[in-house]
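Fold and geometry: a report
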Amino acid sequence: MEKSAIRILVVEDEDDIRALLLFNLRKDGYAASGASSGEDGLRMIGEHPPHLVILDLMLPGMDGMAVCRKIRGNHDTAGLPILMLTARGEEDDMVSGLEAGADDYVSKPFSNRVLLTRIRSLLRRNGTLDEERIEGKKLVLGGIELIPERRETRINGRKVELTAGEFKMLQVMMRRPGIVFTRNQLLDLVRGAMHAVTDRAVDVQVAGLRKKLGRAGNLIETVRGAGYRVSSD
Ligand code: CA
């Protein structure tokens, strides 16, 4: 299944954390929605079951453990992957979360990267996410065609040679049209393929990429003070 079809429900009463989680999950390509209480979360799961739940342990009213048991106790949702959010260093929390039936846990404050890695492995474990297929998927947008398995780029059918870094950067942006990528994110995403490690290096790479793409290069937009994106129109 493609990431955009994977629904993740975030059950978290702290508005800031919930908003941040939703933002990061969407940016990573998932379809994410949020609930601010366990009761709301269970209602949403009942109406439209997600593929994974991120569940805060400390919730007002029904707490995370109770929500977890409810999910496990219902035969429709018993196998739903649950990632529990626990307080830092509270080993008891972690143990009770796992005992209540969570598949994994992340303690607060968590890094976005760690969280996304855990989510990915839970989704892979049950076969929801098949990344190899997604990685190899051909991308087509505004005359640009990327064929990852052959690492080939074509502009209106004509082959263009891109460096590994340029290809990776374009691939990442084309997968999420309209989404802004900061220079740091682009740097992170292509670090393996690029030797340069400064913000300025990303600008140089993007400039080089645009030049090679010719007119199609206009698709890569500079978002002032933020970064770059591939136009979604
Ligand atoms: Ca909480």
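Residues numbered from 1 in each chain as written. Predicted model: local features only at pLDDT ≥ 70, side-chain atom pairs only at ≥ 80, totals over all residues. Heavy atoms only, no water.

Notes on the domain arrangement of the protein chain
Domain boundaries in the protein chain define domain 1 (3-126) and domain 2 (139-230). Contacts between domain 1 and domain 2 engage 5 residues on the former and 5 residues on the latter. Buried area between domain 1 and domain 2, both sides added, is near 370 Å², and the carbon and sulfur share of it is 39%. The largest per-residue losses of area from domain 1 upon contact with domain 2 belong to Lys-27, Gly-29 and Arg-113, which jointly make up 86% of the total buried on that side. Across the contact surface, domain 1 and domain 2 share 1 residue pair in polar contact (both at pLDDT 80 or more). The class makeup of the residues in the side of domain 1 that touches domain 2 is no nonpolar, 1 polar and 4 charged. (Domains from an automatic or database assignment. Contact = heavy atoms within 4.5 Å. Buried area = accessible area lost by both parts, 1.4 Å probe. Polar contact = N/O pair within 3.5 Å; in protein donor to acceptor, adjacent residues only side chain to side chain. Nonpolar A, V, L, I, M, F, W, Y, C, P; charged D, E, K, R; others polar.)

Re the coordination of the calcium ion
Protein coordination at the calcium ion: the donors are Asp-13 (OD), Asp-56 (OD) and Met-58 (O), at 2.1 to 2.3 Å from the metal. Counting residues between consecutive donors of the calcium ion along the chain gives the motif D-x42-D-x1-M. Linking Asp-13 in the loop between β1 (7-11) and α1 (15-27) with Met-58 in the loop between β3 (52-56) and α3 (64-73), this pair joins segments that are 45 residues apart in sequence. Relative accessible area serves as the criterion here: at 26%, Asp-13 is assigned to the partly exposed category. Take Met-58: its relative accessible area is 58%, and that puts it in the exposed class. (Donors = N, O, S within 2.8 Å, 3.2 Å for Na, K, Ca; no water. Helix = DSSP H or I, 4+ residues; strand = E, 2+ residues; numbered from the N terminus. Buried < 20%, exposed > 50% of the residue type's maximum accessible area, 1.4 Å probe, protein only.)

Remarks on the environment of Pro-109
You can see Pro-109 is positioned in the loop between β5 (104-107) and α5 (112-125). The class for Pro-109 is exposed, based on a relative accessible area of 63%.

Points about the packing of helix α2 (residues 38-47) against α3
Contact geometry of α2 with α3 gives a least axis separation of 10 Å together with a crossing angle of 20°. Overall, the two elements α2 and α3 adopt an arrangement that is roughly parallel. In this structure, α2 meets α3 at a crossing whose hand is right-handed. Across the interface between the two elements, Gly-38, Leu-42 and Ile-45 from α2 touch Val-67, Lys-70 and Ile-71 from α3. Taken together, the residues of the contact of α2 with α3 sort by class into 4 nonpolar, 1 polar and 1 charged. (Axes fitted to C-alpha atoms, helices over the stretch in contact; angles between N-to-C directions. Parallel < 35°, antiparallel > 145°, perpendicular 65-115°, else oblique. Left-handed = near helix turned anticlockwise from the far one by under 90°.)

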